[in-house]
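Here is what each chain is made of, one letter per residue.
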Amino acid sequence: MFKYFNKFLVTLTLIACILNSFVFLIEPLMTDKIFDLTALNSRKETWGFLVYGLTLYLLLYAVMFIANLLINQIMTIGCGNIRLDLYKRLILGHQEIGNEQKISLLTQDVEYYLWNHISPSILLVAHISNFLLLSIYLLVKNIPIGLLFIACSFIFLVVQLRISKIAERKGDEQALERQKLLSLVSDAVVGRPTLVQNQALSSGLKNVQNQSTRYEDSRQTFGIYQSFFAFLANLMLFVSQFLPIFLGLVLIAAGTSVQVTDLIAMFIAATRLEQPLMNIVNDIFRLKGAKSISDTFDQILAQPIPKEQERSLTNEDFEALECHQLTKSFAGRRLFSNLTYRFDKGKKYLIKGPSGSGKSTLFKLILQELSPDEGAIDMVLDNGQVTTDYQQRIGLIAQSPYLFNDSIRYNLTLGDKFSDALLLEKLEQVDLTAEFDNILDYQIVNNGENISGGQRVRLDIARNLIRQKDVLLADEVTAPLDAQNAKNIRNLLFNLPVTVIEIAHHIDDDFIYDGEIDLSYYEN
């Protein structure tokens with residue numbers, strides 16, 4: 001996963017985070033310096049102390065500032081690279097993943113992954129270095145007392161984690177009782193007419209009262225536990241910080257070489273020891289929490305990026321689209337078998353059959369979104385060449401085409417470069433130019449709620465005409481339209497100089513297709 005990040009920046013960030021650990025030693029080092037000053041008592045040394053402190057603070061906090069900037073920089077670069085790679089893979093492939101899940105993966109899941117997998121992975125190194133540096137400082141000062149400080153910090157951490165788990169469980173119990181109370185109150189208020197009509201108002205009130213008592217008991221219990229946990233946490237703070245001090249004082253009283261000044265500096269350092277430990281545990285929890293998202297991303301990003309079909313703007317060499325002995329089953333049921341048909345250039349065809357006969361499935365086979373169980377589909381060119389690499393030559397006109405919240409110009413070009421003259425030519429061809437003022441700049445709102453159903457379909461047809469598709473697949477495009485609009489759309493399709501294959505249930509007798517396929521004939 002770290003291949004998406006600049007290796008030099010990551011290395012530099014890790015070094016800066018490790019150096020940033022010295023921030024935790026500012027107070028102990030300043031304390032040591034103060035105690036050194038008590039024996040010197042000179043103006044020169046006093047000013048020297050000021051310079052020492054200022055240099056120490058400026059240097060270490062400058063390192064912290066640089067570390068934070070580097071973390072932000074690699075997160076920005078890494079997140080952008082990961083999102084772009086995910087976008088390519090999810091848009092061009094992974095049909096098994098629904099659109100809502102794809103949107104979630106590309107937006108909130110990327111952010112969650114960034115801050116709960118990538119960020120903790122980097123910060124974990126920094127937090128471990130913080131703890132190790134403080135531990136080394138304590139051990140250099142005095143090994144027995146330093147070891148006791150370190151051991152007590154682990155004991156404090158274990159107790160804190162145990163307290164947190166119990167508190168979380170008690171909080172969940174309180175929340176459950178509260179939810180039950182809210183449900184009963186809601187039933188009692190909304191269902192009051194029913195309770196009154198059945199003379200059960202007092203019984204309903206009693207249920208609410210009993211649940212209210214249980215909720216208040218759980219709330220009181222949680223408050224007692226909370227107070228006790230606070231007491232226990234402070235008691236453990238005494239154990240982790242003052243017990244080693246007591247040992248140091250005992251050693252001093254026993255005449256050992258332990259200095260009071262060292263003991264005070266160690267105490268100050270030890271007060272910072274629990275924080276890196278808590279951060280390490282928090283980093284590990286965040287990494288575990290993000291494991292599911294991390295595994296999903298690793299699985300998607302490990303697969304090659306599907307090849308994007310290049311746009312083709314010529315149909316001069318198209319001759320026909322041929323289906324050979326097509327067989328397709330779905331959910332264990334045979335939809336059609338041994339379907340052989342030739343769709344010639346410029347002609348109009350109708351696909352019909354009862355619901356579930358495989359009409360939309362046939363379209364997906366032609367679009368190469370699905371593969372046939374048996375047989376093949378290929379495109380014949382006018383030079384006699386046969387190719388199966390034809391997807392970019394097929395256009396789909398949907399029953400409810402998706403329109404972007406942008407201008408009609410963008411909805412036609414979709415970011416590609418086409419001249420306004422060509423756009424206007426095709427809009428005129430689908431009879432739309434007279435229906436809008438300044439049509440190319442007209443803004444589509446909320447997936448086309450400000451235009452009619454017929455206009456939506458005609459915009460989709462214009463999209464395909466601009467790209468000079470050889471074959472247009474029309475999937476029930478007239479179904480949601482009134483009779484006149486349906487007739488206008490079908491008349492438009494019949495007058496297009498391309499091959500049109502239409503799925504339709506309701507047919508106007510005024511239109512005569514060049515060929516019809518009834519899929520019910522191919523069930524067996």
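Our structure is the block above this text.
S.K.: Explain the overall build of the chain to me, using residue names and the numbers behind them.
M.R.: Counting secondary structure elements, the chain contains 16 helices and 9 strands. Expected size for 524 residues packed as a compact globule is a radius of gyration near 24 Å; at 37 Å, the chain overshoots this value by more than 25%. Along the first, second and third principal axes, the C-alpha set of the chain runs to 110 × 75 × 50 Å. Counting every position in the chain, which comprises 524 residues, the buried fraction comes to 41%.

S.K.: Please provide a residue-by-residue account of the sheet that holds strand β3 (residues 348–352), values included.
M.R.: The strand order across the open sheet built from 5 strands is β6-β7-β8-β3-β9, with neighbouring strands paired in parallel fashion. Strand pairing shows two members of the sheet lacking a second neighbour, β6 (394–397) and β9 (515–518), which therefore form its edges. Strand-to-strand twist in this sheet, taken as the mean axis angle between neighbours without regard to direction, amounts to 20°. As judged from the 4 bridges shared by β3 and strand β8 (residues 499–503), these two strands associate in the parallel manner. Paired with L350 across the strands is E502, a residue of β8. Sheet strands touched by helix α12 (residues 359–366): β3, β6, β7 (471–475) and β8. Its angle to β8, the strand with the most contacts, is close to 150°.

S.K.: Mind laying out helix α5 (residues 108–141), listing which residues take part and the relevant values?
M.R.: Taking 1.5 Å of rise per residue, 34 residues should cover 50 Å, and α5 covers 48 Å from first to last C-alpha, within 8% of that figure. The largest bend along α5 reaches roughly 40° and is located at P120.

S.K.: Now, about the packing of aromatic side chains: what can you tell me, with residues and values included?
M.R.: What the rule picks out here adds up to 13 aromatic pairs. Summarising the aromatic geometry, the rings of F404 and Y410 are spaced 5.9 Å apart at their centres and angled 85° between planes, so their arrangement reads as edge-to-face. Y410 sits in the partly exposed class, given a relative accessible area of 30%. Seen from their ring centres, F494 and Y513 are 5.0 Å apart, and the 65° between their planes marks the pair as edge-to-face. Of this pair, F494 sits in helix α16 (residues 483–494) while Y513 is found in the loop between β8 and β9, placing the two residues 19 residues apart along the sequence. An aromatic cluster is built from Y341, F343 and Y349, whose rings are joined through pairwise contacts.

S.K.: Residue-level account of the sheet that holds strand β4 (residues 374–381), with values.
M.R.: One open sheet holds the 4 strands; their spatial order is β2-β1-β4-β5, and the pairing between them is antiparallel. Each of the sheet's edge strands pairs with one partner strand only, and the pair in question is β2 (333–344) and β5 (386–387). Of the pairings in the sheet, the one linking β4 to β5 comprises 2 bridges and is antiparallel in character. Pairing of V380 across the sheet is with V386, part of β5.

S.K.: An account of helix α14 (residues 420–429) is needed here, citing residue identities and associated values.
M.R.: When we look at burial in α14, the residues that qualify are L423, K426 and L427. Down the axis of α14, the smallest arc covering the buried residues is 105°, so these residues share one side. Contacts made by the buried residues of α14 are with α13 (408–413) and α15 (453–466). Note on α14: the residue one or two positions beyond its end, D431, has a positive phi of about 60°.

S.K.: Provide a residue-level description of the side chain of K426, including the pertinent values.
M.R.: Of note, K426 is situated in helix α14. Residue classification places K426 among the buried residues on the basis of a relative accessible area of 13%. Beyond its immediate sequence surroundings of up to four residues, K426 is in contact with A462, L465 and I466.

S.K.: Give me the pattern of salt bridges: which residues, what numbers.
M.R.: Under the counting rule described, the total for this entry stands at 22 salt bridges. Ionic pairing is found between R463 and D460, a salt bridge with its closest N-O pair at 3.4 Å. Of this pair, R463 and D460 are both found in helix α15, 3 residues apart, which corresponds to roughly one turn of the helix. Residue classification places D460 among the buried residues on the basis of a relative accessible area of 6%.

S.K.: Tell me about the packing of helix α3 (residues 43–92) against α5, residues and numbers included.
M.R.: Contact geometry of α3 with α5 gives a least axis separation of 11 Å together with a crossing angle of 135°. Looking at the two axes, α3 sits oblique to α5. The two elements α3 and α5 meet at a crossing, and its hand is right-handed. Residues I71, I74, M75, C79, I82, R83 and L86 of α3 form the contact with α5, whose own contacting residues are V110, E111, Y113, L114, W115, I118, S119, I122 and L123. Across the contact of α3 with α5, the residue classes tally to 13 nonpolar, 1 polar and 2 charged.

S.K.: Residues and numbers for the pairing of β3, please.
M.R.: As a general feature of sheets, a regular strand has side chains that alternate between the two faces. Along β3, 4 of the 5 residues are buried, which leaves the element largely enclosed by surrounding structure. Here β3 pairs with β9 via 4 bridges, running parallel. What sits directly across from L350, in β9, is E516.

S.K.: So what's going on with the nonpolar core? Which residues, and what values?
M.R.: Core analysis: the biggest nonpolar cluster contains 31 residues, and L412, L427, L459, I461, L493 and L496 have the highest contact counts within it. Mapped onto this core, the elements with two or more residues apiece are α13, α14, α15, β7 and α16. It is α15 that contributes the most residues to this core, 6 residues altogether. Beyond its immediate chain neighbours, meaning those up to four positions away, L496 contacts K348, Q429, I461, L465 and L472. If you look at the next biggest cluster of nonpolar residues, it comprises 28 residues, including L9, C79, L86 and L106.

S.K.: Help me get a handle on a nonpolar patch on the surface, residues and values and all.
M.R.: A cluster of nonpolar side chains, F228, F231, L235, F238 and F242, forms an exposed patch at the surface whose accessible area comes to about 520 Å². Structurally, F238 can be placed in helix α8 (residues 201–253).

Cut-off values and rules
- Along each chain, the written sequence defines residue order, and numbers are assigned to residues from 1.
- Since the coordinates come from a predicted model, pLDDT governs what is reported: local features require at least 70, and pairs of side-chain atoms require 80 or more to be given and counted, while whole-chain, interface and lining totals use all residues.
- Where side-chain values are given, they derive from all heavy atoms of the structure, hydrogens and water being excluded.
- Secondary structure elements follow DSSP: runs of H or I of four or more residues count as helices, runs of E of two or more count as strands, with numbering from the N terminus.
- For the radius of gyration, the atom set is restricted to C-alpha positions; the globular benchmark scales as 2.2 Å times the number of residues to the power 0.38.
- Accessibility here uses a 1.4 Å probe with only protein chains present; expressed as a share of the type maximum, an area under 20% marks a residue as buried, one over 50% as exposed, and anything in between as partly exposed.
- We treat two strands as partners when DSSP finds at least two bridges between them.
- Working convention: axes come from line fits to C-alpha atoms, limited for helices to the stretch in contact. Angles between N-to-C directions cover 0 to 180 degrees.
- Contacts are assigned to residue pairs that have any heavy atoms within 4.5 Å of one another.
- To estimate how far a helix should reach, multiply one less than its number of residues by 1.5 Å.
- Here the bend at a residue means the angle between the axes of two seven-residue stretches, the one that ends at it and the one that starts at it.
- Two rings belonging to Phe, Tyr or Trp (six-membered ring only in the last case) form a pair when the distance between their centres is within 6.5 Å. Interplanar angles under 30 degrees mark stacking, angles over 60 mark edge-to-face geometry, and anything in between is tilted.
- As used here, the arc belongs to the directions running from the helix axis to the C-beta atoms.
- By definition, a salt bridge exists where a carboxyl oxygen of Asp or Glu is found within 4 Å of a side-chain nitrogen of Lys or Arg.
- Oblique is the label for every angle not falling under 35 degrees (roughly parallel), over 145 degrees (roughly antiparallel), or within 65 to 115 degrees (roughly perpendicular).
- Crossing handedness: left-handed means the near helix sits turned counterclockwise from the far one by under a right angle, and right-handed means the same turn made clockwise.
- Only Asp, Glu, Lys and Arg are considered charged in this grouping, and only Ala, Val, Leu, Ile, Met, Phe, Trp, Tyr, Cys and Pro are considered nonpolar; every other residue, Gly among them, is considered polar.
- Side-chain atoms within 4.5 Å are what join buried Ala, Val, Leu, Ile, Met, Phe, Trp, Tyr and Cys residues into a set we call a nonpolar core.
- Any residue with relative accessible area above 30% and no salt bridge may belong to a patch, with like charges joined within 9 Å and the nonpolar Val, Leu, Ile, Met, Phe, Trp and Tyr side chains within 5 Å.
- Surface accessibility follows the Shrake-Rupley procedure with a 1.4 Å probe radius. Residue values consider only the protein chains on display as shielding.

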